[in-house]
Amino acid sequence: MSILLDASARVVVQGITGRQGTFHAQRMAEAGTAVVAGVTPGRAGAAVDGLPGVPVFNTMAEAVSDTGANAACIFVPPPFAADAILEDIAAGLELIVCITEGIPTIDMLRVMPVLRASSSRLIGPNCPGIAVPGANVKVGIMPWEIHAPGRVGVVSRSGTLTYEVVQHLTDSGLGQSAAVGIGGDPIIGTRFTDVLELYEQDDQTDGIVLLGEIGGGDEEQAARFISERVTKPVSAFIAGKTAPPERRMGHAGAIVSGSEGTAAGKETALREAGVCVGDTPREAVDLLAAQLR
Amino acid sequence: MSILLDASARVVVQGITGRQGTFHAQRMAEAGTAVVAGVTPGRAGAAVDGLPGVPVFNTMAEAVSDTGANAACIFVPPPFAADAILEDIAAGLELIVCITEGIPTIDMLRVMPVLRASSSRLIGPNCPGIAVPGANVKVGIMPWEIHAPGRVGVVSRSGTLTYEVVQHLTDSGLGQSAAVGIGGDPIIGTRFTDVLELYEQDDQTDGIVLLGEIGGGDEEQAARFISERVTKPVSAFIAGKTAPPERRMGHAGAIVSGSEGTAAGKETALREAGVCVGDTPREAVDLLAAQLR
Amino acid sequence: MKVHESDARRIFADRGLPVPPSRVATTPDESATAAGEFGGLVVVKALVLAGGRGKAGGVKLADGPEAAREAAEAILGIEIRGERVRRVLVAPAVDIDREIYLGVTIDRERQSAVVMASAAGGIDIEEVAADTPEAIQRIEFDVARGVEAWQARAVGFALGLGGRQVLDFVGILNGLVRAFVECDASLAEVNPLVVSPDGKLWAIDAKLNIDDNALGRRPELEQLRDDAAEEPAEALARAAGISYIKLDGDIGCMVNGAGLAMATMDVVKHYGGEPANFLDVGGGAGAERVSAALSIILDDPNVRAVFVNIFGGITRADDVAQGVLAARESMPRAVPLVVRLMGTNEAEGLRLLADAGIQAERSMDAAARLAVEAVR
Amino acid sequence: MKVHESDARRIFADRGLPVPPSRVATTPDESATAAGEFGGLVVVKALVLAGGRGKAGGVKLADGPEAAREAAEAILGIEIRGERVRRVLVAPAVDIDREIYLGVTIDRERQSAVVMASAAGGIDIEEVAADTPEAIQRIEFDVARGVEAWQARAVGFALGLGGRQVLDFVGILNGLVRAFVECDASLAEVNPLVVSPDGKLWAIDAKLNIDDNALGRRPELEQLRDDAAEEPAEALARAAGISYIKLDGDIGCMVNGAGLAMATMDVVKHYGGEPANFLDVGGGAGAERVSAALSIILDDPNVRAVFVNIFGGITRADDVAQGVLAARESMPRAVPLVVRLMGTNEAEGLRLLADAGIQAERSMDAAARLAVEAVR
């Protein structure tokens with residue numbers, strides 16, 4: 001078993017007829033993911049370039065009833081993405097990965113009560129998704145070729161920074177049990193603590209790399225969780241040490257305000273929880289590697 | 001045990017400083033009900049006429065934490081009554097009886113999802129409340145002196161019609177195990193079927209009188225429930241046989257429209273479910289009395 | 001409270017529904033002028049609150065101003081279910097390819113607000129509901145959240161609409177749901193929602209009923225009330241907080257509580273009498289309201305006896321007795337008065353009546369029989 | 001996006017908040033005129049988006065037109081956190097009995113919208129939050145439902161307000177929540193909400209920050225943007241869909257993804273360099289956006305080398321390579337260009353660069369060291 005995702009995933013790509021949707025549906029299928037359908041309202045019956053035999057439906061309910069799908073990967077534009085999540089929850093999907101960046105926060109706040117009352121797991125939004133190299137399955141946009149099966153779990157608020165660390169893990173021979181990008185927005189479906197708990201219980205994971213960034217208190221919350229509940233070695237890198245205070249750094253979440261949310265504060269909290277904190281992404285990998293050897 | 005209410009009820013009267021609130025709080029206390037507090041926002045600390053020692057609070061949370069209240073009786077004006085129900089649900093009250101008539105339906109629709117997700121039981125709105133003569137307790141506005149302990153359960157959509165039947169039951173020597181007015185509005189917290197189920201399971205109830213009226217499909221639903229689930233004798237009276245079709249008869253619920261909701265349709269459905277239907281309220285009582293002898 | 005089609009059209013159009021333009025005309029000339037402005041084929045419709053306008057000859061197509069004048073002449077002044085037509089609505093006719101039903105109302109059975117939609121629009125939706133319930137798409141929704149776009153899309157596709165039409169349909173459905181919630185409606189309906197041959201959607205009718213309980217907080221909707229479409233006595237009663245409906249019998253009934261009021265009529269009928277009215281004085285009625293109710297009843301010349309049937313709960317018997325006595329003082333004409341009075345503060349109420357020489361009954365059945373005898 | 005106090009006051013007042021009247025003045029004369037109109041004591045405040053106006057001398061009380069003129073003279077033209085004061089807001093001063101804090105924002109920890117209120121208003125709420133968190137009343141709420149009246153009342157009573165004030169407070173809180181939701185805000189704040197000696201409540205300051213992700217559907221709010229309060233290069237970048245923040249170093253950074261962009265700055269610094277900027281070209285950037293990003297970086301005269309660090313996911317390496325090559329063609333000046341390019345379509349991207357004579361790095365650390373060496 002791996003976390004969140006294994007070979008049983010049957011994935012519907014929402015927005016499959018768009019440029020990004022088609023491209024990444026192809027890449028997912030190439031990686032080994034069972035892409036069983038696409039959904040684009042008004043495009044039912046359309047053919048998907050490079051994916052013959054993958055039907056397109058108008059609604060997620062039809063996709064689920066016709067293909068037995070249990071997971072979705074969302075590429076629809078920001079104004080419609082929260083609605084796509086709600087459609088997936090109503091369709092009873094177990095796993096929803098929302099790639100879309102730029103969803104208004106109020107829309108996500110409207111999603112949260114419905115999500116909490118459901119049994120669906122949402123990853124993201126504004127995230128790269130999940131890759132499980134050992135099971136030949138990815139749901140998301142991460143470049144597949146940088147991954148290698150291994151025993152380190154990666155969890156990250158940032159997309160491309162995840163790739164950076166995955167590449168180092170592969171280069172250093174450690175590989176990944178899974179890599180999960182939880183997304184950088186203020187309101188997300190799955191948080192550091194959720195994924196840390198999954199890794200802690202996963203018998204294919206020996207150590208964890210956590211990638212945080214300035215803003216919010218998620219890393220501090222993760223530090224508390226690690227000190228109380230995580231027995232496996234954890235290393236971390238916090239992006240934004242050189243960012244000026246009180247300036248927004250692109251991510252909605254990356255706002256340094258007052259005493260909370262600084263890189264220094266997060267690093268201290270993590271160190272006090274027994275986490276090895278690297279000055280660079282590579283150093284975080286090296287510190288974990290040293291512990292695992 | 002009786003249904004919905006027994007001597008353990010500790011009742012807060014919301015709107016206790018108003019004319020109706022004060023008057024009926026006094027009547028409830030006289031009947032034997034433990035009226036433990038009142039709530040009127042902005043009137044904390046006020047004295048209640050005729051009820052020395054009953055404290056008034058600004059909020060229900062304070063009333064509950066200071067007095068251990070578990071039930072509420074709402075007399076606040078219609079524009080504020082739905083909010084009072086929501087306050088009671090949040091305060092964790094087991095039983096909420098809403099007397100207020102004229103609450104906008106949209107307000108009640110806003111209440112319903114919150115009510116369903118809670119463990120509170122709402123009776124009403126626009127109802128006379130609940131009386132349990134054998135336990136010397138009433139929460140509501142019904143005249144107490146017409147009641148007598150007995151073994152017939154009354155359930156009714158109409159307030160004063162309930163009194164009529166309660167009086168007949170008392171006069172005929174049958175008395176009541178309980179009398180519950182569920183209210184005549186389209187959206188109510190507790191329905192015929194809920195109360196029928198409680199009476200069916202209540203070992204102090206031998207027979208049931210159901211008082212319906214034209215409009216809606218609640219009596220037809222009750223008929224289906226009775227034929228499937230109720231083993232005790234049931235008699236009924238349906239008000240509105242002489243009402244012209246398509247005319248509103250005061251109650252929001254009493255609109256005859258199309259094939260559903262007529263007195264004749266309801267009477268037929270009930271008779272087919274084995275219910276004795278009286279032409280007058282008194283006849284409904286007599287028919288039940290004959291079965292119980 | 002029912003709202004006239006002209007007002008409902010404006011309210012729906014304000015929320016983005018594709019409502020064709022229209023004019024209200026009170027004379028055949030105005031109708032002709034409106035038809036001339038629009039050009040081409042127009043529809044002339046009686047502006048009445050009653051249903052069944054079409055079958056009653058209240059809706060006509062007219063090609064050009066002269067035809068519109070004739071249509072208005074034929075419609076203005078007729079009575080539809082007792083309501084005289086004083087105004088017509090003139091609107092451009094829309095070519096019809098398909099007719100869809102779309103309505104938002106309250107589902108009492110499921111205790112929820114609900115959207116209903118059917119590809120079989122244009123006819124009575126309740127017939128469709130009774131005969132082929134599976135032909136009706138339903139969305140139960142939380143009024144705090146409205147309908148989600150995906151739900152509206154699913155209904156649009158199920159109605160057989162195409163991709164672009166579904167987008168329009170989502171907007172129409174959301175607009176109608178907003179009208180329902182924002183106007184505290186009990187019904188917001190477009191029947192039919194027309195698909196024209198060029199694929200466009202048009203709301204060519206508009207129906208909006210407002211929850212009477214919410215009018216207090218919607219003064220702008222209360223202003224849309226058409227008093228002239230109402231019985232004057234009923235309007236008078238409403239202003240006094242009384243529910244009153246005139247009927248054809250001779251025994252006036254004054255009762256507290258709608259259920260008991262209907263039961264009272266039923267019992268009067270059961271003993272061979274004919275109720276002259278339904279009247280519910282409402283909960284907690286004081287002496288003044290009781291007094292006002294009695295004068296409304298006596299304003300009906302058919303009334304030859306009055307049956308007062310009060311079982312006090314939140315209403316108090318002593319208040320009622322005072323109201324009855326005050327009304328008797330100023331009674332325009334003497335008719336037999338049968339009073340049945342019980343419940344809250346009963347003893348005090350009975351004492352007041354007895355002091356004034358009125359012997360109240362305790363049994364509704366006995367009192368009803370007395371009232372029936374009084375008019376024989 | 002931050003909104004000026006003058007606009008926030010109007011938005012709050014439109015939703016029923018008791019905001020005193022005010023005028024915006026661009027000159028000392030206008031300020032004096034406004035003070036004359038209001039009469040009595042006025043407050044003259046710098047209209048800047050930056051915080052800390054008070055400490056920076058941007059807020060002054062003035063008794064009468066002459067004093068208001070002097071206050072405006074003192075404030076107009078000063079710089080507050082790098083932002084030049086071009087306008088002042090003039091409003092009648094309100095007598096203060098108590099100061100309450102009231103704000104609506106997003107609680108990331110609890111993943112919910114939240115109302116925060118404190119009887120200790122007027123000072124930095126974050127200090128209160130840190131030192132005496134129990135002094136802050138909180139209501140987490142569902143944005144679809146808003147805050148229920150009973151919740152607002154409970155907070156009002158907990159703040160020590162009286163019955164009549166609590167009613168007003170409920171209206172104020174609901175208005176602020178509506179402003180938050182209807183404007184897609186990340187923060188809607190009144191600090192202080194003043195209780196005047198006569199017991200009335202007054203919102204004498206107004207702060208509103210809008211969620212940038214929602215501006216697309218709020219064109220009326222986008223129009224409130226003050227470009228002049230922004231670095232020109234940052235405004236330019238924003239229009240191109242790029243996040244750019246100018247810093248003081250000499251190594252320009254062009255990166256995809258905010259996290260990697262910050263990490264790139266951190267690594268440059270780690271190897272002894274100074275980043276000239278934060279720049280995230282955003283997800284799925286095509287050649288044009290990459291090219292635009294490079295020109296923005298090179299418009300900064302301090303930049304002596306550019307470090308392109310792209311790890312493609314949704315962004316494709318071949319698109320990036322094309323953008324880099326296009327930008328190099330039109331580069332206003334020649335600076336060393338260090339490119340690190342990996343990820344989606346990596347092979348094609350590297351080939352394009354190699355064909356143009358650019359040897360891309362595979363390691364971020366190695367590339368960062370090269371960039372640092374290039375400016376030594």
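It should be emphasised that the depicted structure is a prediction, and the values quoted were computed from it without experimental measurement.

S.K.: What's the story with the packing of helix α3 (residues 78-90) of chain A against helix α5 (residues 149-158) of chain C in this structure? I'm lost.
M.R.: Each pair of packed helices gets described by two things: the angle between the helix axes and the distance between those axes. It is the contact of α3(A) with α5(C), at a shortest axis distance of 8 Å, that shows an interaxial angle of 70°. Compared by their axis directions, α3(A) and α5(C) come out roughly perpendicular. Contacts between α3(A) and α5(C) involve Asp83(A), Leu86(A), Glu87(A) and Ala90(A) from the former and Ala149(C), Trp150(C) and Arg153(C) from the latter. Of the residues belonging to the contact of α3(A) with α5(C), the class tally is four nonpolar, no polar and three charged.

S.K.: Sorry, what's going on with the sheet that holds strand β3 (residues 41-46) of chain C here?
M.R.: Hydrogen bonds along the backbone pair up the strands of a sheet, which may run parallel or antiparallel. Residue and element names in this part refer to chain C. The sheet built from four strands is open, its strands ordered β2-β7-β3-β4 with antiparallel pairing. Edge positions in the sheet fall to β2 (23-25) and β4 (59-63), since each of these pairs with one other strand and no more. Pairwise comparison of adjacent strand axes, ignoring direction, gives a mean angle of 30° for this sheet. Of the strand pairs in this sheet, β3 and strand β7 (residues 88-92) are connected by five bridges, and their pairing is antiparallel. Residue Ala46 lies in a different strand from β7, and its bridge partner there is Val88. Together, β2, β3 and β7 form the strand contacts of helix α2 (residues 28-38), whose direction differs from that of β7 by roughly 15°. Its contacts with the sheet put helix α3 (residues 65-75) on β3, β4 and β7, and the angle it makes with β4 is roughly 160°.

S.K.: Teacher, can you tell me more about the interface of chain B and chain C here?
M.R.: How big an interface is tends to be stated in terms of the accessible area lost upon association of its parts. Listed per partner, the contact involves 66 residues of chain B and 54 residues of chain C. The contact between chain B and chain C buries some 4,600 Å² in all, and 54% of this surface belongs to carbon and sulfur atoms. Across the salt bridge formed by Glu109(C) and Arg224(B), the nearest N and O atoms sit 3.0 Å from each other. Where chain B packs against chain C, one counts 14 residue pairs in polar contact (both at pLDDT 80 or more). At the level of secondary structure, the elements contributing two or more residues to the side of chain B that touches chain C comprise α1 (19-31), α4 (105-116), α5 (159-171), α7 (218-229), β12 (234-239) and α9 (281-292) of chain B. Of the residues belonging to the side of chain B that touches chain C, the class tally is 27 nonpolar, 19 polar and 20 charged.

S.K.: Got a minute to help me understand unusual backbone geometry in this structure?
M.R.: Most peptide bonds are trans, and most residues other than glycine sit at a negative phi. Here the amide bond leading from Gly124(A) into Pro125(A) is cis, since omega sits at 10°, within 30 degrees of zero. Of note, Pro125(A) is situated in the loop between β6 (121-123) and β7 (129-132). Look at the link from Asn191(C) to Pro192(C): it is a cis peptide, with omega at 5°. Assignment of secondary structure puts Pro192(C) in strand β11 (residues 185-195). Backbone geometry places Arg81(C), a non-glycine residue, at a positive phi of 45°. Owing to a relative accessible area of 63%, Arg81(C) belongs among the exposed residues under this scheme. The residue Asp184(C) is not glycine, and still its phi comes out positive at about 50°.

S.K.: For this particular structure, what's the right way to read the sheet that holds strand β7 (residues 88-92) of chain D?
M.R.: All names here are of chain D. Strands sit in the order β2-β7-β3-β4 across an open sheet of four strands; the sheet is antiparallel. Either end of the sheet is taken by a strand with one partner, and the two such strands are β2 (23-25) and β4 (59-63). Direction aside, the axes of adjacent strands within the sheet are offset by 30° on average. Here five bridges tie strand β3 (residues 41-46) to β4, and the two strands are oriented antiparallel to one another.

S.K.: Quick question: what am I supposed to make of the domain arrangement of chain A here?
M.R.: Residues and elements named next belong to chain A. Domain annotation for chain A reports domain 1 (10-123) and domain 2 (142-292). Its C-alpha centre places domain 1 at a distance of 27 Å from the equivalent point of domain 2. Facing ten residues of domain 1, the contacting portion of domain 2 comprises eleven residues. Of the roughly 870 Å² buried where domain 1 meets domain 2, counting both sides, 62% is carbon and sulfur surface. Contact with domain 2 buries surface across domain 1, with Ala31, Arg121 and Ile123 losing the most and accounting together for 46% of the total. Across the contact surface, domain 1 and domain 2 share zero salt bridges. Considering every element that reaches the side of domain 1 that touches domain 2, the biggest residue donor is helix α4 (residues 105-116), with five residues.

S.K.: Where do I start with the domain arrangement of chain C in this structure?
M.R.: With domains assigned, chain C is organised as domain 1 (21-92), domain 2 (98-222) and domain 3 (231-374). In this structure, domain 1 of chain C and domain 3 of chain C have C-alpha centres spaced 43 Å apart.

S.K.: I tried to follow the confidence of the model for chain C on my own but got confused; where do I start?
M.R.: Regions with low pLDDT carry predicted coordinates that are not meant to be interpreted in detail. With 99% of its residues at a pLDDT of 70 or more, chain C has an overall mean of 92. Taken together, the chains of this predicted complex give a pTM of 0.93 and an interface ipTM of 0.92.

The rules behind these values
Residues numbered from 1 in each chain as written. Chains lettered and ligands numbered in written order. Predicted model: local features only at pLDDT ≥ 70, side-chain atom pairs only at ≥ 80, totals over all residues. Heavy atoms only, no water. Axes fitted to C-alpha atoms, helices over the stretch in contact; angles between N-to-C directions. Helix = DSSP H or I, 4+ residues; strand = E, 2+ residues; numbered from the N terminus. Parallel < 35°, antiparallel > 145°, perpendicular 65-115°, else oblique. Contact = heavy atoms within 4.5 Å. Nonpolar A, V, L, I, M, F, W, Y, C, P; charged D, E, K, R; others polar. Pairing = 2+ DSSP bridges. Buried area = accessible area lost by both parts, 1.4 Å probe. Salt bridge = Lys/Arg side-chain N within 4 Å of Asp/Glu carboxyl O. Polar contact = N/O pair within 3.5 Å; in protein donor to acceptor, adjacent residues only side chain to side chain. Buried < 20%, exposed > 50% of the residue type's maximum accessible area, 1.4 Å probe, protein only. Domains from an automatic or database assignment. pLDDT = per-residue confidence, 0-100.

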